[in-house]
Protein chains: 2
Amino acid sequence: MTAQDLLDPSRKPCAAGIARAAAKITAILPPTPLLPLEVDGRILWCKAEMLQPIGAFKIRGAWHRLSDLTDKERARGVVGVSSGNHAQGVAWAARRLGVAATIVMPHNAPKAKIAATQALGADIILYQRPGEDRDAIAAELTARTGATLVHAFGDPWVIEGQGTLGLEAEAQVKARGIEGPLHIIACCGGGGLSAGLSLACPDALISIAEPEGWDDVIRSLDAGMIQPVADQNYPTPCDALQTPCTFPINFDILKGRVHSSAAVTPAEISAAMRLVFERLHLVVEPGGAAALAAVLTGKIEPQGTAVVTLSGGNVDWDIFAAMIA
Amino acid sequence: MTAQDLLDPSRKPCAAGIARAAAKITAILPPTPLLPLEVDGRILWCKAEMLQPIGAFKIRGAWHRLSDLTDKERARGVVGVSSGNHAQGVAWAARRLGVAATIVMPHNAPKAKIAATQALGADIILYQRPGEDRDAIAAELTARTGATLVHAFGDPWVIEGQGTLGLEAEAQVKARGIEGPLHIIACCGGGGLSAGLSLACPDALISIAEPEGWDDVIRSLDAGMIQPVADQNYPTPCDALQTPCTFPINFDILKGRVHSSAAVTPAEISAAMRLVFERLHLVVEPGGAAALAAVLTGKIEPQGTAVVTLSGGNVDWDIFAAMIA
């Protein structure tokens with residue numbers, strides 16, 4: 001049994017679900033700023049999701065999922081699998097709802113992410129990455145305890161919740177007096193955010209950026225079928241995007257929907273992080289800077305009104321300093 | 001003749017002027033986020049002004065002043081005096097209005113601030129700090145060209161403009177469902193922001209934080225009369241707060257109005273900058289972290305609903321890295 005089997009296969013993410021998620025999320029979380037960044041005479045609208053209470057957009061999907069649990073489900077708790085941003089989202093939502101949360105995290109996750117997840121009151125189970133199968137650990141745990149698995153990307157509620165970022169950005173662009181469809185360039189790990197954006201903003205172009213070596217979604221879309229990452233030992237600073245394989249629920253939405261895509265190198269990500277430091281005065285983690293890196297390098301060419309996700313800011317100081325310097 | 005003589009002495013900043021400034025500013029600048037930071041079980045509401053287009057709150061006063069210039073005044077241009085944040089505010093507003101701007105900046109201002117001011121199209125005149133009298137240079141310039149001096153803090157429009165930060169924070173706190181008066185803890189250089197906040201939020205407690213060695217406003221308030229900085233060679237990382245002496249227009253408002261105050265050390269400011277990096281994922285410059293440093297050290301004790309100004313984020317990478325490490 002895999003983690004994926006634990007998801008209800010009859011539940012498909014949809015626009016109505018995203019609208020419901022947006023109503024729940026705007027009730028407790030103010031919109032994150034959409035900040036203009038001028039690059040070569042073009043404005044990139046940067047969605048500053050590191051300013052969410054947990055420092056990443058993952059709070060959206062986690063809140064949508066956990067706030068929909070039945071009383072019986074709440075009593076049995078939740079299990080999350082994450083290198084740290086989804087972990088904090090689940091822990092944050094669980095604490096707010098009084099639900100017990102157990103998070104399966106890689107032993108080499110950023111220290112800041114492990115500490116922040118613990119500070120939110122979650123129990124943490126560390127696994128060896130690479131080496132151990134995190135989904136198998138989560139499946140064993142949920143089978144034994146009856147807890148609900150909240151998958152980081154392959155979950156219909158999570159996809160809907162992440163999609164609310166798109167609705168929020170659309171409204172903010174409109175409030176600036178800018179009309180017409182968006183081109184949303186998103187950082188991509190397992191495809192939860194990009195699938196959500198695809199459903200939330202049907203008129204928008206969607207592009208995705210993955211780290212070099214972890215570009216399984218791009219290769220899957222190119223091949224027309226799901227392809228896992230070839231080498232799980234491939235080094236990357238983008239811990240948040242290190243997903244070995246996307247899920248059918250994500251792939252089926254993204255198939256034929258993604259306008260363009262690019263894999264970016266650590267040096268390209270460093271340059272994007274530095275620009276964000278200098279010009280926007282924000283701390284973006286490596287995985288959260290992939291989309292901007294893809295645009296800055298010209299690997300993804302923005303069309304019309306470009307929205308770029310700066311998806312998280314949970315990065316240890318030593319990593320940040322080494323990448324910016 | 002000093003720069004101060006160039007200001008219209010009949011013009012006093014007032015609440016009605018702040019309301020007018022707020023209307024002009026909200027029309028073009030979205031509110032900056034007010035972010036909760038939990039410290040020892042208490043929420044500090046941090047006003048993230050580094051997310052303004054120029055990376056600091058100074059855009060408020062500059063826009064209020066320049067947009068009120070007559071056509072004749074616009075044609076003759078403006079002169080600003082600043083280590084960099086007010087400089088960028090004036091340059092930004094001038095570019096938007098098609099007005100020529102000349103900025104008098106210290107030779108040792110942060111490179112990022114000089115570069116950003118130039119990029120906004122302003123002419124820059126560098127002076128030796130310490131050594132040369134910047135106000136005298138500006139006075140000579142305005143006398144010769146007929147340009148309007150936009151002083152960084154001793155100007156009624158500038159004070160009113162900075163005060164809009166307080167109105168914005170009050171509205172944001174209320175939108176969170178929190179009632180009752182605020183305690184605003186502000187970074188203080190010459191007293192433009194704190195004077196504006198004092199007028200904008202008459203029910204709020206106002207506290208000010210200055211850097212060690214540059215605590216002339218605090219000492220002036222203690223003495224009941226304006227006291228200049230004793231040693232203009234005193235080293236400080238807070239270039240934005242290095243004002244040798246406040247002006248009567250600021251002092252008269254602050255006198256008897258400031259609830260508490262503190263001078264903070266470079267080490268205390270470093271700790272505040274690091275906390276902002278880790279928990280809020282924001283880049284705050286040394287001078288913009290003084291208020292938070294004063295609260296974290298317990299030198300200023302927050303009362304009720306505490307709003308802390310994170311007033312700017314324009315800091316060179318080498319300084320930032322050295323202070324955080």
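The paragraphs below set out a description of the structure included in this document. These numbers were taken from a predicted model, which means no experiment stands behind them.

### Observations regarding the side chain of Lys113(B)
Residues and elements named next belong to chain B. Inspection of the secondary structure puts lysine 113 in helix α5 (residues 111–119). Looking at lysine 113, the relative accessible area reads 0%, which means it is buried. Residues within four places of lysine 113 in sequence aside, it is in contact with Ser83, Gly84, Asn85, Gln88, Met105, Asp239, Ala240, Glu285 and Asn314.

### Considering the interface of chain B and chain A
Taken together, the contact pairs 21 residues of chain B with 21 residues of chain A. Counting the surface lost from both chain B and chain A, the interface buries some 1800 Å², and carbon and sulfur atoms represent 70% of this. The largest contributions to the chain B side of the interface with chain A come from Phe277(B), His281(B) and Trp317(B), which together make up 43% of the buried area. Linking chain B with chain A are 6 residue pairs in polar contact (both at pLDDT 80 or more). Elements represented by at least two residues in the side of chain B that touches chain A include exactly α11 (266–280) and α13 (317–324) of chain B. For the side of chain B that touches chain A, the leading source of residues is α13(B), giving 4 residues. Here the residues of the side of chain B that touches chain A sort into 15 nonpolar, 4 polar and 2 charged.

### Structural notes on the relation of the copies chain B and chain A
For the match of chain B to chain A, the screw axis carries a shift of 0.0 Å, the RMSD comes to 0.0 Å, and the turn is 180°. Both chain copies can therefore be described as sitting about a two-fold axis. Scanning chain B for the C-alpha nearest the rotation axis identifies Leu282(B), at a separation of 2.3 Å. A shared interface surface links the copies, since 100% of the contact residues of chain B are contact residues in chain A too.

### Observations regarding the sheet that holds strand β2 (residues 42–48) of chain B
Residues and elements named next belong to chain B. On the basis of which strands lie adjacent, the open sheet formed by 6 strands has the order β1-β2-β10-β7-β8-β9 and mixed pairing. The sheet terminates laterally at β1 (34–39) and β9 (258–264), the two strands that pair on one side only. Sheet twist, expressed as the average angle between the axes of neighbouring strands with direction ignored, equals 25°. Relative to β2, β1 runs antiparallel, the two being bridged by 6 bridges. Its bridge partner lying in β2, leucine 37 is registered against leucine 44.

### Some words on the nonpolar core
Of all hydrophobic cores here, the largest spans 84 residues; its most connected members are Leu282(A), Phe320(A), Leu282(B) and Phe320(B). Those residues in contact with Phe320(A) that sit more than four places away from it in its chain are Met273(A), Phe277(A), Val283(A), Val284(A), Val315(A), Phe277(B), Trp317(B) and Phe320(B).

### Looking at the packing of helix α1 (residues 15–28) of chain A against helix α2 (residues 59–66) of chain A
All names here are of chain A. Where α1 contacts α2, the two axes come as close as 10 Å, and the packing angle between them is 105°. By the angle between their directions, the pair α1 and α2 is classed as roughly perpendicular. Across the interface between the two elements, Gly17, Arg20, Ala21, Lys24, Ile25 and Ile28 of α1 pack against Arg60, Trp63 and His64 of α2. Counted by class, the contact of α1 with α2 contains 4 nonpolar, 2 polar and 3 charged residues.

### Quick word on the pairing of strand β7 (residues 182–187) of chain A
Residue and element names in this part refer to chain A. Among the 6 residues that make up β7, 6 are buried, leaving the element largely enclosed by the rest of the structure. Of the two faces of β7, the one lined by Leu182, Ile184 and Ala186 and the one lined by His183, Ile185 and Cys187 are each fully buried. Where β7 lies against strand β10 (residues 305–310), 4 bridges are found, and the strand directions are parallel. Bridging from a neighbouring strand, histidine 183 pairs with alanine 306 of β10. Handedness of the β-α-β unit built from β7, helix α8 (residues 192–200) and strand β8 (residues 205–211) comes out right-handed.

What counts, and at which threshold
Residues numbered from 1 in each chain as written. Chains lettered and ligands numbered in written order. Predicted model: local features only at pLDDT ≥ 70, side-chain atom pairs only at ≥ 80, totals over all residues. Heavy atoms only, no water. Helix = DSSP H or I, 4+ residues; strand = E, 2+ residues; numbered from the N terminus. Buried < 20%, exposed > 50% of the residue type's maximum accessible area, 1.4 Å probe, protein only. Contact = heavy atoms within 4.5 Å. Buried area = accessible area lost by both parts, 1.4 Å probe. Polar contact = N/O pair within 3.5 Å; in protein donor to acceptor, adjacent residues only side chain to side chain. Nonpolar A, V, L, I, M, F, W, Y, C, P; charged D, E, K, R; others polar. Least-squares fit on C-alpha atoms with pLDDT ≥ 70 in both. Pairing = 2+ DSSP bridges. Axes fitted to C-alpha atoms, helices over the stretch in contact; angles between N-to-C directions. Core = buried A, V, L, I, M, F, W, Y, C linked by side-chain atoms within 4.5 Å. Parallel < 35°, antiparallel > 145°, perpendicular 65-115°, else oblique. Right-handed = clockwise from strand over helix to strand, strands pointing away.

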